[in-house]
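What follows is the residue order along each chain.
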Amino acid sequence: MKIFRAFIILSILTTLTMSGMYGQRKLDEQTVADLQKTSQYAIGVSDERQFKGALSMYDFLVENGVEIEDYEVVVKGKIVANLVEGSEPETFFQKYKGKVRVSICSVAMEKLGVSKEELFDGLEPIPTWSVRILQLQAKGYNTLTY
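Residues numbered from 1 in each chain as written. Predicted model: local features only at pLDDT ≥ 70, side-chain atom pairs only at ≥ 80, totals over all residues. Heavy atoms only, no water.

### Section: the overall build of the protein chain
Consideration 1: In terms of regular secondary structure, the protein chain is built from six helices and five strands.
Consideration 2: Long-range pairs, those at least 24 residues apart, make up 75% of the contacts in the protein chain between residues at least 6 apart in sequence.
Consideration 3: For the protein chain, the accessible surface area stands at approximately 7,800 Å², while carbon and sulfur atoms represent 54% of it. (Helix = DSSP H or I, 4+ residues; strand = E, 2+ residues; numbered from the N terminus. Contact = heavy atoms within 4.5 Å. Areas by Shrake-Rupley, 256 points an atom, 1.4 Å probe, with all protein chains shown as cover.)

### Some thoughts on helix α3 (residues 48-63)
Consideration 1: With 16 residues, α3 should cover 22 Å at 1.5 Å per step; its first-to-last C-alpha distance of 23 Å lies within 8% of that length.
Consideration 2: Taken residue by residue, α3 has Gln50, Phe51, Ala54, Leu55, Met57, Tyr58, Asp59, Phe60 and Leu61 as its buried positions.
Consideration 3: For α3, the side-chain oxygen to backbone nitrogen distance between the N-cap and Arg49 is 3.2 Å, and the N-cap itself is Asp47.
Consideration 4: Within two residues after α3, Gly65 carries a phi angle of roughly 85°, on the positive side. (Expected span 1.5 Å × (residues − 1). Buried < 20%, exposed > 50% of the residue type's maximum accessible area, 1.4 Å probe, protein only. Polar contact = N/O pair within 3.5 Å; in protein donor to acceptor, adjacent residues only side chain to side chain.)

### Quick look at the packing of aromatic side chains
Consideration 1: Applying the stated rule across the entire model yields five aromatic pairs.
Consideration 2: Ring centres 5.6 Å apart and planes at 40° place the aromatic pair Phe93 and Phe120 in the tilted group. Of the two residues, Phe93 is situated in helix α4 (residues 88-93) and Phe120 in the loop between α5 (106-112) and β4 (123-126); the sequence distance between them amounts to 27 residues. With respect to burial, Phe93 and Phe120 carry one shared label: buried.
Consideration 3: An aromatic cluster of at least three residues, connected via ring pairs, comprises Tyr41, Tyr58, Tyr71, Phe92 and Tyr96.
Consideration 4: Positioned above the aromatic ring of Phe92 is the side chain of Lys52, whose terminal nitrogen or guanidinium carbon lies 5.4 Å from the ring centre.
Consideration 5: One Lys or Arg, Lys76, reaches over the ring of Trp129 and ends 4.0 Å from the middle of that ring. (Phe/Tyr/Trp six-rings, centres within 6.5 Å; stacked < 30°, edge-to-face > 60°. Lys NZ or Arg CZ within 6 Å of the ring centre and 35° of its normal.)

### Some thoughts on the sheet that holds strand β3 (residues 101-105)
Consideration 1: Overall, parallel pairing links the five strands, which are arranged β4-β3-β2-β1-β5 in an open sheet. In this open sheet, the two strands that pair with only one neighbour each are β4 and β5 (142-145). Pairs of neighbouring strands in the sheet enclose a mean axial angle of 20°, with direction left out of account.
Consideration 2: With four bridges connecting them, strand β1 (residues 40-45) and β5 associate as parallel partners. Bridge assignment links Ala42 to a residue of β5, and that residue is Thr143.
Consideration 3: Contacting β1, β2 (70-75) and β3, α3 runs over the sheet at an angle of about 170° to β2. (Pairing = 2+ DSSP bridges. Axes fitted to C-alpha atoms, helices over the stretch in contact; angles between N-to-C directions.)

### A look at the nonpolar core
Consideration 1: Membership of the largest hydrophobic core comes to 40 residues, with the highest contact counts inside it found for Phe51, Tyr71, Val73, Val75, Leu83, Val102 and Ile104.
Consideration 2: For this core, the elements supplying multiple residues, two or more each, are α2 (29-35), β1, α3, β2, β3, α5, β4 and α6 (129-138).
Consideration 3: Top element by residues in this core is α3. It accounts for seven residues.
Consideration 4: Dropping the residues within four chain positions of it, Tyr71 is found in contact with Tyr41, Ile43, Ala54, Met57, Tyr58, Leu61, Lys99, Val100 and Arg101. (Core = buried A, V, L, I, M, F, W, Y, C linked by side-chain atoms within 4.5 Å.)

What follows is the structure, encoded as structure tokens:
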């Protein structure tokens with residue numbers, strides 16, 4: 001079942017990427033019905049393109065009638081250095097603040113020398129990216145990682 005859900009999410013991401021090139025696409029009724037079987041989603045990302053794509057996926061799902069209870073983007077890697085106050089990703093994120101939870105890997109923060117105080121508002125440090133993804137899977141979230 002988790003593999004099927006991952007396939008559905010991957011299909012949506014592919015559609016979302018293609019819609020950026022060719023215009024907005026709509027999900028068919030069966031896909032929406034399948035996605036309605038859960039209302040919790042988590043996407044693990046490691047670069048800015050993926051970060052923006054994961055946030056945009058939230059809009060895409062909502063616009064297609066998918067009800068979302070919880071939506072989380074879990075971030076690791078070099079992008080963490082760009083998620084600081086005054087950055088372009090902060091401006092992009094403002095639309096999603098209060099709707100999407102963004103968790104930041106503390107290991108990446110440490111390696112890149114980024115303190116919690118430097119992160120822009122709305123980001124939450126977590127112990128590790130991999131453990132958070134496993135935790136969300138254990139809680140029944142549909143998860144997709146890059």
